[in-house]
Amino acid sequence: MIKQKSTNLPVESQPEQLRLGTISYVAIFLGLIFGVMLAPADRLWMFAIVYLIVAGIVFPISLKRILRLKMLILWIIFIVPPIFFLGEIDRSIWGIGYSSEGALASLQFAIRLLVVLVTVNGFTAAIDIVSVAGMMERFGMQGLGFSLGVALNLLPTLQQSSLNTWHSLRMRGGLRHQRWRGLQLFIITVMTNTLRRAEEIALAAEGRGFSPEHSRPLPMKKGTWDQFVIIGAILSIICAIII
Amino acid sequence: MKFKTRELVTLAVFGALWGLDEISVGALLKSLNVPFSGMFLAAIGLLILMIGRIFVPHKGSSVFIGAIATILKLFSLGGPVIGPMIGIMGEAIIAEIVLSIAQKPSRLSFILAGAAGVFWPLIQPFITGPLLFGLSLFSVWLDLLDIGNRFLGLDTSAALWIVLALIAIYWIVGGIAGWLAWDIGHILQVRLRRDTIDVTL
């Protein structure tokens, strides 16, 4: 026997209202980047601590990402040379001479780099490509969402097609004697394939009646805290300038 | 900036091609620490951009291609992308300005756009270094002299010669990219109009 309860359709739960929308993430990203750029050198550490706390709360995964070995090596490559090569060598530690001016510059550089890396990594992980395209469409780049969709879907095909062309050219000895001409032919073949594919996609889009003038811009995630976050980001930039 | 469907698709494929170049070749060159990698990437990117401009010869098309490539780079895997992103957008904006000033596309305007665009990676560290990373202009300048010393064999005291040599190299490479873009773009136009044609390079 069918129970009365099972005949009822389950009530759809309301989608959870986001606190931070796309515009919030962009505001935080710009606020932190411009803030750390404009912060005075003598108070940089103070701003950096605040910015890293904000970045840690908003983009929790990005701090973890930064601590990967690849990032640490990159950091060392950037930070270490100024300690020894910038300014005069006026101090020493364990018998190794270093420049105090260079060490100070390196420290500042390290702090700025840390904030920038955490923010950029967190930003790219927090927002999706559709939201970015939607936002740029609203700022006057009409049709960008459609173009970006086409570009994204084309990436694997283009990569394969370019690789096939390269291998065919190489296997037929196209790069042995007339290398310059071989390279030109490679570019022409890749471009021809690309444009033929573009033609097919354009025909398909037109066949479906797509028109950039009449299409809706891509959706953008809206959050309940968007307005407060924008004000906060503006204030953070103003503070970095004034303080 | 309003484009038709066909133009949007054309811009998308050229943007995808530039993005692909930055994601694959760019990541490889940067990880191998190849000297002048920024210059080569800019030359390839601008070559693609200017060929795209031949097919969509409207104001804003270069920036549009640059925006697509930038967004693709933003979402690519790998290390810090803010430098390359600023680089791509900077090159696209410079090329757009030069090509828009020229109004009618010509070989000369392409050469100038290529030279100006490829020149950007040379001056970008002077802007992003102090602004983003707090580097002093002096340390960026020292890096530039070091490049001249290592790869051109010029002494660091000959600062003027190093700068002039680097400017000349960047402009020549950019000019070649512009020249090639003009030629290849027109060959492609002919090739796509008639499938069977003898292409003489």
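Residues numbered from 1 in each chain as written. Chains lettered and ligands numbered in written order. Predicted model: local features only at pLDDT ≥ 70, side-chain atom pairs only at ≥ 80, totals over all residues. Heavy atoms only, no water.

Caption draft 1: Looking closely at the overall build of chain B. Along its length, chain B carries seven helices and zero strands. Across chain B, helices and strands are ordered from the amino to the carboxyl terminus as α-α-α-α-α-α-α. On C-alpha atoms alone, chain B measures out to a radius of gyration of 18 Å, which is about the 17 Å that the 2.2 N^0.38 rule sets for 201 residues. The C-alpha extent of chain B, read off along each of the three principal axes, is 55 × 35 × 30 Å. Looking at the 201 residues of chain B, the share that counts as buried comes to 51%. At a minimum sequence separation of 6, the contacts of chain B that also span at least 24 residues come to 66%. Working note: accessible area of chain B is about 8,800 Å², and carbon and sulfur atoms make up 68% of it. Computed over 13 positive and 11 negative side-chain charges, the inter-centroid distance for chain B is 12 Å. (Helix = DSSP H or I, 4+ residues; strand = E, 2+ residues; numbered from the N terminus. Rg over C-alpha atoms; globule rule 2.2 N^0.38 Å. Buried < 20%, exposed > 50% of the residue type's maximum accessible area, 1.4 Å probe, protein only. Contact = heavy atoms within 4.5 Å. Areas by Shrake-Rupley, 256 points an atom, 1.4 Å probe, with all protein chains shown as cover. Lys, Arg positive; Asp, Glu negative; His and termini not counted. Charge placed at Lys NZ, Arg CZ, Asp CG, Glu CD.)

Caption draft 2: The arrangement of the environment of Val132(A) in detail. Mapped onto the fold, Val132(A) is located in helix H7 (residues 129-138). In sequence terms Val132(A) and Leu152(A) are 20 residues apart; their C-alpha atoms lie 13 Å from each other. Filtering out sequence-adjacent residues up to four positions away, Val132(A) remains in contact with Ile127(A), Ile71(B) and Phe75(B).

Caption draft 3: Quick look at the packing of aromatic side chains. This structure, assessed with the given rule, holds nine aromatic pairs over all chains. Between the aromatic rings of Phe29(A) and Phe123(A), the centroid separation amounts to 4.3 Å while the plane-to-plane angle is 20 degrees, which identifies the pairing as stacked. Highlighted residues: Phe29(A) in helix H2 (residues 22-38) and Phe123(A) in helix H6 (residues 100-126), separated in sequence by 94 residues. Relative to Trp182(B), the ring of Phe110(B) has its centre 5.2 Å away and its plane inclined at 75 degrees; by these criteria the two rings are edge-to-face. Taken together, the residues span a long stretch of sequence, with Phe110(B) in helix H5 (residues 107-133) and Trp182(B) in helix H7 (residues 159-193) at a distance of 72 residues. (Phe/Tyr/Trp six-rings, centres within 6.5 Å; stacked < 30°, edge-to-face > 60°.)

Caption draft 4: Here's a closer look at the interface of chain B and chain A. Between chain B and chain A, the residue contacts involve 50 residues of the former and 61 residues of the latter. Here chain B and chain A share an interface that buries about 4,800 Å² over both sides, 79% of which is from carbon and sulfur atoms. At the boundary of chain B and chain A, one finds two salt bridges. Here Arg6(B) and Glu206(A) are joined by a salt bridge, their closest N and O atoms 2.8 Å apart. (Buried area = accessible area lost by both parts, 1.4 Å probe. Salt bridge = Lys/Arg side-chain N within 4 Å of Asp/Glu carboxyl O.)

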